[in-house]
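What follows is the residue order along each chain.
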Amino acid sequence: MLYQPVELLNSEKIKSVIELDNLQRLSQLEILDTIDSTNSYLLRLIKSNVSSGRVCFAEQQTQGRGRRGRSWFSPHAKSIYCSLLWRFKEVQQDISGLSIAVAVMILNSLKKYGITEGIQLKWPNDILFAGRKLAGILLECSGTHVVIGIGLNLCLPQREDHWIDVMQITGELPKRNYLAGLLLNELLEKLPLYQANGLKEFVSEWRKYDFFTGKNITVHLPEKSVSGVMYGINDAGELLLQDQENRLRNFRYGEITVREM
Ligand code: BTN
């Protein structure tokens, strides 16, 4: 392929993709070249009375963070690193449902981008393609505020078996601003619905794309691991597992791996 320059993020181009009603919920859109972590940046701003709907993208992160204390590979202009701050009416004690809803929002934006086949969801909030990770979500709370951090692989400089990126899927250089706009449009439209009605409309969509239902899995919790067959998720977004004693068990948190039989 001939060398094609990567499209840098541009706030006007991103905004042009967002529908007017949804744009009203965007209090500020900021594009930084380099930051430690877009999530850490917004968490720091909460102390200074920041408004709900504030969004930050960065071209690169020097200390991008993943779930469970892992780091998130964040090379310059090769992915989308985005955080959105959202204020709820009550303190968010339990954000496991929100992580299911946000995964479905990312899925919808990828479908609108044209990736209509092959996306899979891994409980509680990974987006996969062909069994490889395409996007991840890191939710962090501070009182009534939640910072929703999203990392979406676009054209990573090196290939690894456990990752995939949009360019490998579509065979074309990603339209970064267009995809960032679709993602933001979806979040701004659907977060109020989640706030008003909870998980209802997201669970049915999740079930259609759940990659692990029917598979032999292990759920890893901080204190133990439990193996069995994945039974999908219940209406509260909890993972259902038929354990080795044939009991149906539900889990709000944890990480799953496939069990080789
Ligand atoms: C995961 O799957 O482990 C979650 C990855 C989340 C990465 C994103 S990139 C933007 C935001 N800032 C961070 O430091 N992390 C999230």
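For the structure itself, look to the data block above.
A few points on the structure.

Rules used in this analysis
- Residues numbered from 1 in each chain as written.
- Predicted model: local features only at pLDDT ≥ 70, side-chain atom pairs only at ≥ 80, totals over all residues.
- Heavy atoms only, no water.
- Salt bridge = Lys/Arg side-chain N within 4 Å of Asp/Glu carboxyl O.
- Helix = DSSP H or I, 4+ residues; strand = E, 2+ residues; numbered from the N terminus.
- Buried < 20%, exposed > 50% of the residue type's maximum accessible area, 1.4 Å probe, protein only.
- Pairing = 2+ DSSP bridges.
- Axes fitted to C-alpha atoms, helices over the stretch in contact; angles between N-to-C directions.
- Phe/Tyr/Trp six-rings, centres within 6.5 Å; stacked < 30°, edge-to-face > 60°.
- Lys NZ or Arg CZ within 6 Å of the ring centre and 35° of its normal.
- Near = heavy atom within 4 Å.
- Polar contact = N/O pair within 3.5 Å; in protein donor to acceptor, adjacent residues only side chain to side chain.
- Areas by Shrake-Rupley, 256 points an atom, 1.4 Å probe, with all protein chains shown as cover.
- Nonpolar A, V, L, I, M, F, W, Y, C, P; charged D, E, K, R; others polar.
- Core = buried A, V, L, I, M, F, W, Y, C linked by side-chain atoms within 4.5 Å.
- Contact = heavy atoms within 4.5 Å.
- Parallel < 35°, antiparallel > 145°, perpendicular 65-115°, else oblique.

### Some words on the pattern of salt bridges
So, step 1. One pass over the full model with this rule turns up 18 salt bridges.
So, step 2. Between R65 and E140 there is a salt bridge, and its shortest N-O distance comes to 2.8 Å. Separated by 75 residues along the polypeptide, R65 in the loop between β2 (54–61) and β3 (79–87) and E140 in strand β6 (residues 132–142) bring together distant segments of the chain.
So, step 3. Given the relative accessible area of 18%, E140 is considered buried.
So, step 4. Overlapping salt bridges, with partners in common, bring together R67, R68, R70 and E255 in one network.

### Some thoughts on the sheet that holds strand β9 (residues 225–233)
So, step 1. With antiparallel pairing, the 5 strands of this open sheet are ordered in space as β11-β10-β9-β8-β12. Two strands in the sheet have a free side with no partner beyond their single neighbour: β11 (248–251) and β12 (255–258). Each strand of the sheet is rotated relative to its neighbour by a mean of 45 degrees, with strand direction disregarded.
So, step 2. Taken together, the 4 bridges between strand β8 (residues 216–220) and β12 define a ladder with antiparallel strand orientation. Note on β12: the bridge partner recorded for H220 is E255.

### Considerations on the environment of Q24
So, step 1. Following the sequence through the fold, Q24 ends up in the loop between α2 (20–23) and β1 (28–35).
So, step 2. Distance in space between the C-alpha atoms of Q24 and L188 is 8.8 Å, their sequence separation being 164 residues.

### Some words on the packing of aromatic side chains
So, step 1. All chains considered together, the criterion is met by 5 aromatic pairs.
So, step 2. Ring centres of F73 and W163 lie 5.3 Å apart, and the angle between their planes is 5 degrees; on these two criteria the pair is classed as stacked. Placement of F73 in the loop between β2 and β3 and of W163 in the loop between β7 (145–153) and α5 (166–170) is noted, with a sequence separation of 90 residues between them.
So, step 3. You can call F73 partly exposed: its relative accessible area is 35%.
So, step 4. Taken together, the ring pairs in this structure connect F88, Y194 and F202 into an aromatic cluster.
So, step 5. Across from the ring centre of F211, 4.2 Å away, lies the NZ or CZ of K215, which sits over that ring.

### With respect to unusual backbone geometry
So, step 1. With omega at 0 degrees, the peptide bond leading from W123 into P124 counts as cis.
So, step 2. With respect to the element layout, P124 can be found in the loop between β4 (119–122) and β5 (126–129).
So, step 3. One non-glycine residue, R68, adopts positive backbone phi at about 55 degrees.
So, step 4. Mapped onto the elements of the fold, R68 is located in the loop between β2 and β3.
So, step 5. Residue N246 is not a glycine yet carries a positive backbone phi of 65 degrees.

### Concerning the pairing of β11
So, step 1. In the sheet, strand β10 (residues 239–243) pairs with β11 via 4 bridges, with the strands oriented antiparallel. Paired with L239 across the bridge in β11 is F251.

### A short note on the site of the ligand
So, step 1. By nearness alone, 20 residues border the ligand, and S37, Q61, R65, R67 and K133 come closest of all.
So, step 2. With respect to the ligand, the side chain of Q61 contributes an N or O atom lying 2.9 Å from a nitrogen atom.
So, step 3. A distance of 2.7 Å separates a nitrogen atom of the ligand from a polar atom in the backbone of R65.
So, step 4. Computed on the free molecule, the ligand has an accessible area of 420 Å², of which 98% lies beneath the protein chains in the complex.
So, step 5. Those elements giving two or more residues to the shell around the ligand turn out to be α3 (38–45), β3, β6 and β7.
So, step 6. Examining the composition of the shell around the ligand, we find that 4 residues originate from one element, β6, more than from any other.
So, step 7. Class assignment for the residues of the shell around the ligand results in 6 nonpolar, 10 polar and 4 charged.

### Looking at the nonpolar core
So, step 1. By size, the foremost hydrophobic cluster in this structure holds 68 residues, and its most contacted members are F57, L110, I127 and L184.
So, step 2. Not counting residues up to four positions away in its chain, the partners in contact with L110 are I115, I119, I127, L134, L152, V166 and L179.
So, step 3. Listed in part, the 11 residues of the second largest apolar core include I35, L45, L85 and V147.

### Some details on the packing of helix α6 (residues 176–197) against helix α7 (residues 200–209)
So, step 1. With their axes 8 Å apart at the nearest point, α6 and α7 run at an angle of 115 degrees to one another. On the basis of their axis angle, the class for α6 and α7 is roughly perpendicular. Contact with α6, carried on its side by K190, L193, Y194 and N197, involves K200, E201 and F202 of α7 and no other residues of that element.
So, step 2. For the contact of α6 with α7, the per-class residue count stands at 3 nonpolar, 1 polar and 3 charged.

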